[in-house]
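Geometric and topological summary
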Amino acid sequence: MRFGIRGKLLIFAAGVWIVIFGIYSAYIYKERIKQTQRMALMSADLLAKEIVADRQVYTSTVISIALKKGLKIQNTYEDDTEDSIPLPATFVNEVFKSHQPNGRYYIDLVSLDPINPSRKPKDDFQLSALRAFINGTHARYYRFEDIDGRQSLRFMIPDVAISQVCVDCHNNHQLSPKRDYKVGDVMGGLEIVVPVEEEMMVAMTDIWRSIGYGFVVVVVMGLVGLAFIRYVVTSPILDLVDTSRYLAGGDLTRDSRVDTNDEIGFLAVQINEVLRNLNNMIREIRHTSDEAVVVSIKVRDMSRYVVEGSSRQASALDSISSSMEKINTSVARLAKATEVLAASTESGSASVQELRTGINDIVGSMEHLFSSLDDTATSTRDMSLSIKEVSENIDNLSSAIVQVSSSMNNINAMIKEVESNAMEADRFADDVIEDARTGMNSVERTM
């Protein structure tokens, strides 16, 4: 399951508030319980001090006067009310009962060496307290526990021999198991039981009330915190997410509307700057693509024109080459005929020379014929020279024709190379046009 930033923040905030509320509730509970226990301890301590003070006055004053007047100090003073008074322990119990008609508090005097066997420790609490008092490790001893189904405080202080009267009474009593007490010795302990159930109920009521108030405060603070987080963090981040989603979809027209002076606002400014740069870049790419398409079209047209011209020039050169080959053939034939004519002329010249020799032999007899033959020889020599010149001119013409043919072949090869380059340029122009069209289509889809 995918959680968005709102869900994560809500879970985090709920966890933090639950922890804070739990710590607050535990603190309130512990402090209120401790406060109740402290109040119970203060009440028991005050009551113990009051009892000790009453007993001290009773022992040091009333008992001293009663002994001087010959009165008896005994536990069963009620059987003989005229000449006996109660023991200090009995006095304390009687006074305590008279001040507690509802039996809310309970006191008990215990000792490890009591005169009355019923005053021995009754449980582990009393025994531990007496031992601690005798060892001098505690000035008071208490414990919270349930007594008769009621949560109560058991508070115990040492019972110290505060006067010589107490010491003499215990040392001289016939039932006393210990007879070496001195003033200041621990003779036992005074236990006060204070029920704290009602105070605990009141404390629990206060605790639940404080927890309720704390819950309301935490909820209000949570709502305010959520509103603040939503305004400062969540809403700007979701706005940036929407802008990024539009950007990923190709829409470059939606800017971020976050306007804060923090890191998120700076990020929004940077994203808006990226969008503007992309828009400008796409406009430039589109403009460049349009120019590339126009240039590609012109290149294609020029390439086609060059190809067509090259084709026409190649055709013309092919015709010229064919004509030059025909001329070359004719010239070659003419050269052969001229060579044959030259050979025939040379043969005729030889025959004339032989004839001249014969004529020289008969020159004497045929002067008239010699003059005619001399003219004929001269004409023949002139004709032979003319034929030789014609033969040389034909050779030169043949060489020139061969050079022209070679040049025409070179020109034809160059024309074919130009034609190949033109066709390659045409294909390159087609590729450029196709790439430009592809780029244009990509830009149009992006826009």
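Residues numbered from 1 in each chain as written. Predicted model: local features only at pLDDT ≥ 70, side-chain atom pairs only at ≥ 80, totals over all residues. Heavy atoms only, no water.

Details of the layout of surface pockets
Taken as a whole, the largest pocket spans an internal volume of roughly 570 Å³. Taken together, 31 residues form the lining of the largest pocket, with Leu87, Pro88, Ala89, Ile115 and His170 sitting closest to its centre. Elements represented by at least two residues in the lining of the largest pocket include exactly helix H1 (5-68), strand E1 (72-74), helix H2 (88-99), strand E3 (106-110), helix H4 (164-172) and strand E6 (186-195). For the lining of the largest pocket, the element with the most residues is H4, which contributes five residues. The residue makeup of the lining of the largest pocket, split by class, is 17 nonpolar, nine polar and five charged. (1 Å grid on protein atoms, 1.4 Å probe; cavity = no way out; pocket = protein on both sides within 12 Å on 5 of 7 lines; lining within 4 Å. Points joined across faces, edges and corners; volume = space filled by probe spheres on them. Helix = DSSP H or I, 4+ residues; strand = E, 2+ residues; numbered from the N terminus. Nonpolar A, V, L, I, M, F, W, Y, C, P; charged D, E, K, R; others polar.)

Section: the sheet that holds strand E5 (residues 150-160)
The four strands are arranged E3-E6-E5-E4 in an open sheet whose pairing can be described as antiparallel. Lying at the two open borders of the sheet, with one neighbouring strand each, are E3 and strand E4 (141-147). Shown here is a sheet whose adjacent strand axes are inclined to one another by a mean of 25°, direction ignored. The pairing of E5 with E6 spans nine bridges and is classified as antiparallel. (Pairing = 2+ DSSP bridges. Axes fitted to C-alpha atoms, helices over the stretch in contact; angles between N-to-C directions.)

Quick look at helix H3 (residues 124-135)
Between the first and last C-alpha of H3 there are 16 Å, a value that for 12 residues agrees with the 16 Å anticipated at 1.5 Å per step. If you check which residues of H3 are buried, you get Phe125, Gln126, Ala129, Leu130, Ala132 and Phe133. One side of H3 holds all its buried residues, which, seen down the axis, span an arc of 165°. Exposed positions of H3 whose direction lies more than 90 degrees from the buried face are Asp124, Arg131, Ile134 and Asn135. The inward-facing, buried residues of H3 abut E3, E4, E5 and E6. By the N-cap criterion, in which a side-chain oxygen at the helix start approaches the backbone nitrogen of a residue two or three places on, H3 is capped by Asp123, the distance to Phe125 being 3.3 Å. (Expected span 1.5 Å × (residues − 1). Buried < 20%, exposed > 50% of the residue type's maximum accessible area, 1.4 Å probe, protein only. Arc of directions from axis to C-beta. Contact = heavy atoms within 4.5 Å. Polar contact = N/O pair within 3.5 Å; in protein donor to acceptor, adjacent residues only side chain to side chain.)

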